[in-house]
Amino acid sequence: MLASCKNGTLYIGVTSDLLRRVWQHKTRAVEGFTHRYNVHLLVWYELHPTMESAILREKTLKGWKRAWKNRLIEGENPEWCDLYPALS
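Residues numbered from 1 in each chain as written. Predicted model: local features only at pLDDT ≥ 70, side-chain atom pairs only at ≥ 80, totals over all residues. Heavy atoms only, no water.

Q: Got a sec to walk through the packing of aromatic side chains? Specific residues and values, please.
A: Taken as a whole, this structure holds 3 aromatic pairs when the rule is applied. Note on Trp-64 and Trp-68: the rings are 6.1 Å apart at their centroids and 80 degrees apart in plane angle, and the pair reads as edge-to-face. Aromatic ring contacts, followed pair by pair, group Tyr-11, Phe-33 and Tyr-37 into a single cluster. (Phe/Tyr/Trp six-rings, centres within 6.5 Å; stacked < 30°, edge-to-face > 60°.)

Here's what the structure looks like:
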């Protein structure tokens with residue numbers, strides 16, 4: 001999950017290369033939603049054994065209420081820190 005800031009705009013997506021994909025959002029190389037709303041902080045992520053399970057989880061999370069997503073993020077990352085630097 002990417003965010004514009006703490007409690008800001010959220011983006012949920014799936015990728016097979018998390019570092020590359022987050023970098024694309026951070027450098028604004030990707031046109032569209034994240035570019036328009038300045039969404040570039042990696043605030044939460046999950047690893048999945050298959051793309052199918054990742055896509056299913058993405059669809060589930062997109063159906064969640066905002067409060068549920070916030071609780072998920074804050075359970076692991078209460079300050080909404082950018083997790084990207086620790087990955088690279």
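Resuming the write-up.
Q: Quick one: what's the story with the nonpolar core, residue by residue and with numbers?
A: In globular proteins that are soluble, nonpolar side chains generally tend to be buried together. Listed in full, the 11 residues of the largest apolar core are Met-1, Ala-3, Leu-10, Ile-12, Leu-41, Val-43, Trp-44, Leu-61, Leu-72, Ile-73 and Trp-80. If we skip the residues at most four places from it in the chain, Trp-44 touches Met-1, Arg-57, Leu-61, Leu-72, Ile-73, Glu-76 and Leu-83. In terms of nonpolar packing, the next biggest core, distinct from the first, is built from 5 residues, Leu-2, Val-22, Leu-42 and Tyr-84 among them. (Core = buried A, V, L, I, M, F, W, Y, C linked by side-chain atoms within 4.5 Å. Buried < 20%, exposed > 50% of the residue type's maximum accessible area, 1.4 Å probe, protein only. Contact = heavy atoms within 4.5 Å.)

Q: Please set out the pattern of salt bridges residue by residue, giving values where relevant.
A: The full count for this structure, using the stated rule, is 4 salt bridges. Here Asp-17 and Arg-20 are joined by a salt bridge, their closest N and O atoms 3.5 Å apart. Its relative accessible area of 32% is what places Asp-17 among the partly exposed residues. For Arg-20, a relative accessible area of 40% corresponds to the partly exposed category. (Salt bridge = Lys/Arg side-chain N within 4 Å of Asp/Glu carboxyl O.)

Q: Would you mind going over helix 3 (residues 51–62) in detail, with residue names and values included?
A: The terminal C-alpha atoms of helix 3, which comprises 12 residues, lie 16 Å apart, in line with the 16 Å expected from a rise of 1.5 Å per residue. On its buried face, helix 3 sits against helix 4 (66–76). (Helix = DSSP H or I, 4+ residues; strand = E, 2+ residues; numbered from the N terminus. Expected span 1.5 Å × (residues − 1).)

Q: Go over helix 4 with me, naming the residues and quoting the values.
A: Considered for burial, the residues of helix 4 that qualify are Lys-69, Asn-70, Leu-72 and Ile-73. The buried residues of helix 4 occupy one face: seen down the axis, they fall within an arc of 160 degrees. Turned more than 90 degrees away from the buried face of helix 4 sit Arg-71 and Gly-75, all of them exposed. Residues of helix 4 that are buried sit in contact with strand 2 (10–11) and helix 3. (Arc of directions from axis to C-beta.)

Such coordinate-based values are descriptive only and should not be taken to indicate function.
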